[in-house]
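Chain by chain, the residues run as shown.
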Amino acid sequence: MTPSVVADLDEEAKEGPTMELTLTLDANSKKSLQTQVFDQVRSLILDGRLQAGMALPPTRVLAEKMRLSRNTVMIAYERLAAEGYVETRGTAGVFVTSIPPDDLLVIRGSTSGIQSSETTVHLSDEPLLCFAGSPGGGGDRPHLDFWPGRSAASAFPLQIWRRIVSRLLANEPQYFTDYCDPAGLPKLRAAIADHLARSRGMHVTMDQIIVTAGGQDALNLIVSLLRTYTRQLCIENPCYLGASMLFRAETIPIEAVPVDGEGIRTERLPTTRGNLLYVTPSHQFPTGVMMSLSRRLALLRWAEDTESYIIEDDYDSDFRYDGPPLTSLAGLDGGRRVFYAGTFSKSVGAGVRMGFAVVPRAFWDEARMMKAQMSNGQSWLEQSALAEFIADGHFDRHLRKLRIIYKSRRDCLVEALQKTFGAPIISGHDGGLHFVWKLPQGMPRARNLQVKARAYGIGVYALSSGSAFDFDDSAPDNMLMFGYSSLTEAEIGRAIAQLGELFAGDEILNRRRRDFPGAGAGNVQQTRARI
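Reading guide: rules and limits
Within each chain, residues carry numbers counting from 1 in the order of the written sequence. Where totals are concerned, whole chains, interfaces and linings use all residues; where local detail is concerned, this predicted model gives features only for residues with pLDDT of at least 70, and gives and counts side-chain atom pairs only at 80 or more. Side-chain calculation: all heavy atoms of the structure are included, whereas hydrogens and water are not. Where helices and strands are cited, they refer to DSSP runs of H or I of at least four residues and of E of at least two residues respectively, numbered from the N terminus. Buried residues are those whose accessible area, probed at 1.4 Å on protein chains only, stays under 20% of the maximum for their type, while exposed residues exceed 50% and partly exposed ones sit between those limits. Throughout, a contact is declared for two residues whenever any of their heavy atoms are within 4.5 Å. All accessible-area figures derive from a Shrake-Rupley calculation using a 1.4 Å probe, and residue coverage is judged against the displayed protein chains alone. For salt bridges, the criterion is a side-chain nitrogen of Lys or Arg within 4 Å of an Asp or Glu carboxyl oxygen. Whether two strands pair comes down to DSSP finding at least two bridges between them. Axes, fitted as lines to C-alpha atoms, cover a helix only where it is in contact. Angles between the N-to-C directions of the axes lie from 0 to 180 degrees. For a crossing to be left-handed, the near helix must be turned anticlockwise from the far one by less than a right angle; the clockwise case is right-handed. Residue type decides the class: Asp, Glu, Lys and Arg count as charged, Ala, Val, Leu, Ile, Met, Phe, Trp, Tyr, Cys and Pro as nonpolar, and the leftover types, Gly among them, as polar. As used in this structure description, the phrase polar contact means that two N or O atoms lie within 3.5 Å; if the pair is within protein, one of them must be able to donate a hydrogen and the other to accept it, and residues adjacent in sequence are counted only when both atoms belong to side chains.

Enquirer: Can you explain the overall build of the protein chain? Please cite residues and give values.
Expert: Along its length, the protein chain carries 18 helices and 18 strands. Buried positions account for 58% of the 531 residues belonging to the protein chain. For the protein chain, long-range pairs separated by at least 24 residues make up 77% of all intrachain contacts whose partners lie at least 6 apart in sequence. For the protein chain, the computed accessible surface area is about 21200 Å², with 50% contributed by carbon and sulfur atoms.

Below you can see the structure in the form of structure tokens.
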């Protein structure tokens, strides 16, 4: 639901009962007012006080009652719709969707939050595992490389970072001779907890956060922590290469579970007990699809029923362009069966080597001990600099800047594909740093096109490459991944034009150009499609 859809609703035309909402808002809270509205309406739905079919108050009415700007209420409603809690019915209004009673029981049971003795697994990792000599690894890269997950080097906040580091070196040099807390500097963990509460709907304490050397290190920590609790490993297929390598190095059996347009197919999950599942629900890697609310709830119910744990890899959730931020699976779970790990490799830079894991309190002591066995903590200087970068507001401003840059590059790539190939079918472009293009019928297979493009100095990637892994060769070979964040608009345009030259004499491509003349209108919404 876009802002224009909400704004154009006929506020007087409604069907079904409408509930009078009573919200308690705090202007002094660290949470924005729109987030407070979202959280409280969402709680009313999950608690059953707002039931399926009930109409929410019109945005204008609620705004006037709560003395808010109408835009604040609209944004909260848009986020509720994006996550599947409400839906629009033409001009009739905004209505609560139907959530199965069993799913509601799972969510209501999570209200104990971090006090729960049960466990949750969530992992944040860069979907980019680099090897020397491979694309993205600093070796023989193509000149115009759409490798997914790379940041824009020119956007690194060098001056701010230099100023923070210089101040730390001048005022706190004594910390160079001290060992850090293996779990990470307290001020950095507190800053991360505050960021997660604002951006991912997670209410955790700093004691639940362990700082790691990037997302892959967080994944290592979580897998090691849960090894003795696990009888079977489960993983999305196709999936992130780094996760597959860790799982394949274990002696525990692996079940590869297929994904579709709504994320992992929960009905294909094993019914045996003691599983450890790895998922990327906010932006599935590599397909880019967002897991639907019904699948998320089914996933949490499955974990409860089978006494299993979930690793949620939230690798690029800081970037969402066509809608409000999404609540993480760990935020929905409330600290029971989902461990969460994040990375700053996409948002700040992979060279900073900072990530983190969030663990339920029941695992806090064990996780801290395991981290001490792995290392005596990360570099004091980088941790201190990142903590100040977040606490002083630079991180949020930096993210806003990057979202503008990456959205422009994404739009440029979509327009170039439209102009060159006509009406592309793409998925995963609402957020993240890459999307997937479904190749038109008659064009070469994705792996063949990848090889041909490489000869032109262009890097495009099938779903079984580009830091992705396909367990059983079942991933469709008619899709290409495009990571657009590290290329300028000029480079993107040049690369797609050269791809077009590869098929200049192709009758199928020429026919598509005739069927879709002037398709490069730059309207991303026209290309919205499912895999």
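Enquirer: Describe the pattern of salt bridges, and please don't skip the residues or the numbers.
Expert: A complete count under the given rule lists 18 salt bridges for this structure. Salt-bridge contacts for Glu267 lead to Arg265; the nearest nitrogen and oxygen are separated by 2.8 Å. Accessibility expressed as a relative area gives 27% for Arg265, which makes it partly exposed. Here Arg336 makes a salt bridge to Glu304, at a shortest N to O gap of 2.3 Å.

Enquirer: Which residues make up the pairing of strand β7 (residues 254-260), and what values do they have?
Expert: Here strand β5 (residues 232-237) runs beside β7; their pairing, made up of 5 bridges, is parallel. Pairing of Glu236 across the sheet is with Val257, part of β7. Pairing between β7 and strand β8 (residues 263-264): 2 bridges, direction antiparallel. For Val259, the partnering residue across the bridge sits in β8 and is Ile264.

Enquirer: Any details on the sheet that holds strand β18 (residues 479-483)? Residues and values, ideally.
Expert: Pairing within the open sheet is antiparallel, and its 4 strands lie in the order β13-β14-β18-β16. In this open sheet, the two strands that pair with only one neighbour each are β13 (425-427) and β16 (461-462). Bridging between strand β14 (residues 434-438) and β18 involves 5 bridges; their strand directions are antiparallel. Across the sheet, Phe435 pairs through a bridge with Phe482, a residue of β18.

Enquirer: So what's going on with the environment of Gln34? Residues and values would help.
Expert: Within the secondary structure, Gln34 sits in helix α2 (residues 33-46). Those residues in contact with Gln34 that sit more than four places away from it in its chain are Thr72, Ile75 and Ala76.

Enquirer: Now, about the packing of helix α7 (residues 186-199) against helix α14 (residues 380-391): what can you tell me, with residues and values included?
Expert: In contact at an axis separation of 8 Å, α7 and α14 are set at 35° when each is read in the N-to-C sense. With respect to the hand of their crossing, α7 and α14 are arranged in left-handed fashion. Here Lys187, Leu188 and Ala191 of α7 come into contact with α14, specifically with Gln383, Ser384, Leu386, Ala387, Glu388 and Ile390. A per-class count over the contact of α7 with α14 returns 5 nonpolar, 2 polar and 2 charged.

Enquirer: Before we move on, could you go through the environment of Glu250 and cite the residues and values that matter?
Expert: Its place among the elements puts Glu250 in the loop between α9 (241-249) and β7. Judged by its relative accessible area of 17%, Glu250 is buried. Glu250 sits 17 residues away from Leu233 along the chain, and the two C-alpha atoms are 9.0 Å apart. Aside from chain neighbours lying at most four places away, what touches Glu250 is Val223, Arg227 and Leu233. Among the polar contacts listed, one links the side chain of Glu250 to the side chain of Arg227, at a separation of 2.8 Å.

Shape is all these values report; function is a separate question.
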